[in-house]
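So you can see what is in the structure, the chains are spelled out below.
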Amino acid sequence: MRIGVLGAAGIVPEALLKPARENPDVDIAAIAARDISRAHEFATKHRIPEVHATYEELLADPSIDAVYNPTPNGLHGRWTLAALAAGKHVLCEKPFTANASEARLVADAAEAAGLVVMEAFHYRYHPFTRRMEELLASGELGEVQHIETAVCFPLPRFKDIRYNPSLAGGATMDAGCYAVHMARVLGGATPTVVDARAKLRSPEIDRAMTASLRFPSGATGRVRASLWSSDVLRISARVVCRGGELRAINPLSPQFWHRLSIRRGDSRSVERFSHRPSYAHQLEAFADAVLRDVPSLTPPSDAIETMTVVDAIYEAAGLRPRVPTS
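Residues numbered from 1 in each chain as written. Predicted model: local features only at pLDDT ≥ 70, side-chain atom pairs only at ≥ 80, totals over all residues. Heavy atoms only, no water.

Novice: I keep staring at the overall build of the protein and nothing clicks. Help me out?
Specialist: Counting secondary structure elements, the protein contains nine helices and 14 strands. Its C-alpha atoms give the protein a radius of gyration of 19 Å, within 12% of the compact-globule value 20 Å for 326 residues. Expressed along its principal axes, the backbone C-alpha trace of the protein runs to roughly 60 × 45 × 35 Å. For the protein, the residues scored as buried account for 56% of the 326 residues in total. In the protein, 67% of the contacts between residues at least 6 apart in sequence involve partners at least 24 apart. Accessible surface for the protein amounts to roughly 13,700 Å². Of this, 52% is attributable to carbon and sulfur atoms. Once the 38 positive and 37 negative side-chain charges of the protein are each reduced to a mean point, those two points are 8 Å apart. (Helix = DSSP H or I, 4+ residues; strand = E, 2+ residues; numbered from the N terminus. Rg over C-alpha atoms; globule rule 2.2 N^0.38 Å. Buried < 20%, exposed > 50% of the residue type's maximum accessible area, 1.4 Å probe, protein only. Contact = heavy atoms within 4.5 Å. Areas by Shrake-Rupley, 256 points an atom, 1.4 Å probe, with all protein chains shown as cover. Lys, Arg positive; Asp, Glu negative; His and termini not counted. Charge placed at Lys NZ, Arg CZ, Asp CG, Glu CD.)

Structure, rendered in structure tokens:
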């Protein structure tokens, strides 16, 4: 599978280039960027053989089978739709689109084209996440009663695109989509939003968000997200069950330090997992979906559910859901 990259974003080496080196199914064949000089510099540094002058030119390249879309949030939908129109499969960075309505447009286009579109929630493909799902699905901890997820990290660069309202920025979009998605995965369903409170960087941009959830089973939930707040660094999940509890430290990037603590009644245990990067597992899943028709865990239908909750959080906090970049 020959992949073209839409933009020289900082995430590209870790999310795509490094895992591609160990994956015989994948060839990173081309890149395009808004600044062609930056594209050439990036291609030279990372040994990408072809540079295209524009995104449109890359999408028109008949030798490209799929694209990786790490453009700013507000442009995800536009360039995924353009890639589908050009007959390319897409691995799209999170959040999938600016809002749920745009996610539905992309889902419909992917179905009509018969092409793979996968949202890049890389943690979803790591054995750490699979183990949490297995423990909860087995029933050995009892019925789920409460779920807490948090993705908080400091980003004091206030000119960063993640603080830009015209690019669909905000803490809930960047960090919060992870927290929402993880809550959905651990809860096994899409929750409703009970209430939400935002801390603002500007009138339209949340630098932090806390939201309360309720799942169809009656279980409650809370998600926290922050790019700049007193909750400086917290990447965790906690699931309280009738007969036990899970506590996960750094479930998003278990290639670094991580821990899964399990309480079964009065007994406790700790599990750790392979440090193989979650991005490598994700790229394998994308190749399997494109080359072998293996269903992915993060298809457009899943993205619609996540963006529906993200939209509802913004509305509950008195903010407008994000809009695509015009």
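Next comes the rest of the description.
Novice: Even after reading the chapter, I still don't get the side chain of asparagine 73, so can you show me in this structure?
Specialist: With respect to the secondary-structure elements, asparagine 73 resides in the loop between β4 (66-69) and α4 (76-85). A distance of 3.1 Å separates the side chain of asparagine 73 from the backbone oxygen of alanine 168, its partner in a polar contact. In contact with asparagine 73, not counting residues within four places along its chain, are Lys94, Pro95, Thr97, Ala98, Leu167, Ala168, Gly169 and Met173. (Polar contact = N/O pair within 3.5 Å; in protein donor to acceptor, adjacent residues only side chain to side chain.)

Novice: What is the right way to look at the packing of aromatic side chains in this model?
Specialist: Note on aromatic pairs: each is described by the distance of the centres and the angle between the planes. Per the stated rule, a full pass over the model turns up seven aromatic pairs. When the centroid spacing of 6.3 Å and the interplanar angle of 80° are considered together, the rings of phenylalanine 121 and tyrosine 123 count as edge-to-face. Of the two residues, phenylalanine 121 and tyrosine 123, neither departs from the other in class, the shared state being buried. Judged by centre distance (5.2 Å) and plane angle (65°), the rings of phenylalanine 158 and tyrosine 163 are edge-to-face. According to the relative accessible area criterion, tyrosine 163 is buried, its value standing at 6%. An aromatic cluster is present here, built from Phe121, Tyr123 and Tyr178 joined pairwise through their rings. Just above the ring of phenylalanine 158 sits the side chain of arginine 201; from NZ or CZ to the centre is 3.7 Å. (Phe/Tyr/Trp six-rings, centres within 6.5 Å; stacked < 30°, edge-to-face > 60°. Lys NZ or Arg CZ within 6 Å of the ring centre and 35° of its normal.)

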